[in-house]
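Commentary on secondary and tertiary structure
The primary structure of each chain is shown beneath.
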Amino acid sequence: MIVEEFIIHDLTTRSVDLPTSKIGGLAIFVSSIYLKQKHMKSQKVWFVTGASKGLGLNLVKELLAQDYSVVATTRTKQALENEIGDQENFLPLEVDITDDSDVARAVLSAIDYFGRIDVLVNNAGYGQTGTLEELSDQEARRNFEVNVFGSLNAIRHIAPHMRRQQAGHIFNIASIGGLAGNYPAFGVYCSTKFAVAGFTEALAVEMEPFGVHTTLVYPGYFRTDFLSEGSLHTAANPIAAYVTARENEATHLHEINGNQANDPQKAATLLIELSTLEQPPVHFLMGEDAYELAKNKINMLTAEIEKWKSYTVSTGFEQSV
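Anyway, here's the lowdown on the structure attached to this text. In this text the structure is predicted, and so the values were computed from the model without any measurement. (Residues numbered from 1 in each chain as written. Predicted model: local features only at pLDDT ≥ 70, side-chain atom pairs only at ≥ 80, totals over all residues. Heavy atoms only, no water.)

**A closer look at the layout of surface pockets**
What the largest pocket holds in volume is close to 1,100 Å³. Every residue lining the largest pocket is counted, 47 residues in all, and those nearest its centre are Asn 123, Ala 124, Gly 125, Tyr 126 and Phe 226. Of all the secondary-structure elements, those providing two or more residues to the lining of the largest pocket are helix 3 (54-65), strand 2 (69-74), helix 6 (137-165) and helix 7 (187-207). For the second largest pocket, the full set of lining residues is Ala 204, Glu 208, Gly 211, Val 212, His 213, Thr 214, Gln 279, Pro 280 and Val 282. Counting residues per element, the lining of the second largest pocket draws most heavily on strand 6 (residues 212-219), which supplies three residues. Along the lines of polarity and charge, the residues of the lining of the second largest pocket split into four nonpolar, four polar and one charged. (1 Å grid on protein atoms, 1.4 Å probe; cavity = no way out; pocket = protein on both sides within 12 Å on 5 of 7 lines; lining within 4 Å. Points joined across faces, edges and corners; volume = space filled by probe spheres on them. Helix = DSSP H or I, 4+ residues; strand = E, 2+ residues; numbered from the N terminus. Nonpolar A, V, L, I, M, F, W, Y, C, P; charged D, E, K, R; others polar.)

**Some points on helix 3**
Between its terminal C-alpha atoms helix 3 stretches 17 Å, which fits the 16 Å expected from 12 residues at 1.5 Å a residue. With nine of 12 residues buried, helix 3 lies mostly within the body of the structure. Buried within helix 3 are the following residues: Gly 54, Leu 55, Gly 56, Leu 57, Leu 59, Val 60, Glu 62, Leu 63 and Leu 64. At the exit of helix 3 stands Asp 67, carrying a positive phi of roughly 70°. (Expected span 1.5 Å × (residues − 1). Buried < 20%, exposed > 50% of the residue type's maximum accessible area, 1.4 Å probe, protein only.)

**A short note on the pattern of salt bridges**
A side chain of one charge can pair with a side chain of the opposite charge if their charged atoms are brought near each other. The full count for this structure, using the stated rule, is nine salt bridges. When the shortest N-O distance is used, the salt bridge between Glu 249 and Arg 246 registers 2.9 Å. Taken as a pair, Glu 249 and Arg 246 lie in helix 8 (residues 243-256) at a separation of three residues, close to a single helical turn. Three or more residues joined by partner-sharing salt bridges are found here, namely Glu 134, Arg 246 and Glu 249. (Salt bridge = Lys/Arg side-chain N within 4 Å of Asp/Glu carboxyl O.)

**A closer look at empty space enclosed by the protein**
Applying the stated rule across the entire model yields one cavity of 30 Å³ or more. In this structure, the largest cavity encloses a volume near 30 Å³. Lining the largest cavity are Asn 122, Asn 123, Ala 124, Asn 147, Ser 151, Asn 172, Ile 173, Lys 193 and Val 196. Elements with a minimum of two residues in the lining of the largest cavity: helix 6, strand 5 (168-173) and helix 7. Here the lining of the largest cavity is built from residues that sort into three nonpolar, five polar and one charged.

**Focus on the sheet that holds strand 4 (residues 119-122)**
The strand order across the open sheet built from seven strands is 3-2-1-4-5-6-7, with neighbouring strands paired in parallel fashion. The open sheet has two edge strands, strand 3 (90-94) and strand 7 (283-286), and neither has a second partner. Neighbour to neighbour, the strand axes of the sheet diverge by 15° on average, direction disregarded. Two strands pair when backbone bridges link them, and strand 5 and strand 6 are joined in this way by six bridges, in the parallel orientation. Paired with His 169 across the bridge in strand 6 is His 213. Together, strand 1 (45-48), strand 5, strand 6 and strand 7 form the strand contacts of helix 9 (residues 264-275), whose direction differs from that of strand 5 by roughly 145°. Most of the contacts of helix 10 (residues 288-307) go to strand 7, to which it runs at about 120°, and overall it touches strand 6 and strand 7. (Pairing = 2+ DSSP bridges. Axes fitted to C-alpha atoms, helices over the stretch in contact; angles between N-to-C directions. Contact = heavy atoms within 4.5 Å.)

See the structure below:
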């Protein structure tokens, strides 16, 4: 290597009394630094939130298998380290995604370690069930803090680096529930994903002039632990009158959970493939179920728009003759 050869040549031509073994050790040390820098320049650096389970964990594992560099955030760093182990191109960070200063610290740590961030995946989030009447202000706000404001925190601190690089890709993981929200007991959760969809559409046009791509992902049902009783939050004070809501919760917990049609490993591979496209999509449906639900929503909305068109267009000022 040119760098190590220069250092060794410099040491051996100066009046420095170093044993040959020391010089050989230095060569190995310098070589490892060179290889690490070369690796970081040749492969994109990914920043993945919510990385300790589900889609996030599958993505991190696949990225490392494909020799990418990965910054992975989680609430419990030990759980992530237990799953992944110690790897040179892997930086696990314990981060409270709802704490803006904590996110800022994590981003600086990532830049300090790898020198850049090329891809951000806003994946952190959780499901919250309960009707709008049942859920307390605290329950509803907490779901928004994690699912919405957590993503905004990451974007706020990573976007400046991508602007300066004039390159990057931001994936915001929403849900098909952020496009079709007519699920009893899932109103607050779906509304968080509608919010993600809304700000992502704006983000896409804001970042485009800087060469930064933005992709809004609408996943369908994937076979992860997202719907397990330990992950899906339910209303602390349920109201017995909401029979339909309880039935829908039970269906998700006991029938859909464990039988989801989509493979999270394939989702991880697909996200990586999308990141390699010259012109990736802004809106991306993930899963056949997501495709069908989106088409149903579009057809329903189109029919309703046309049905009430005469009322809709009746609000304009009368045109003078």
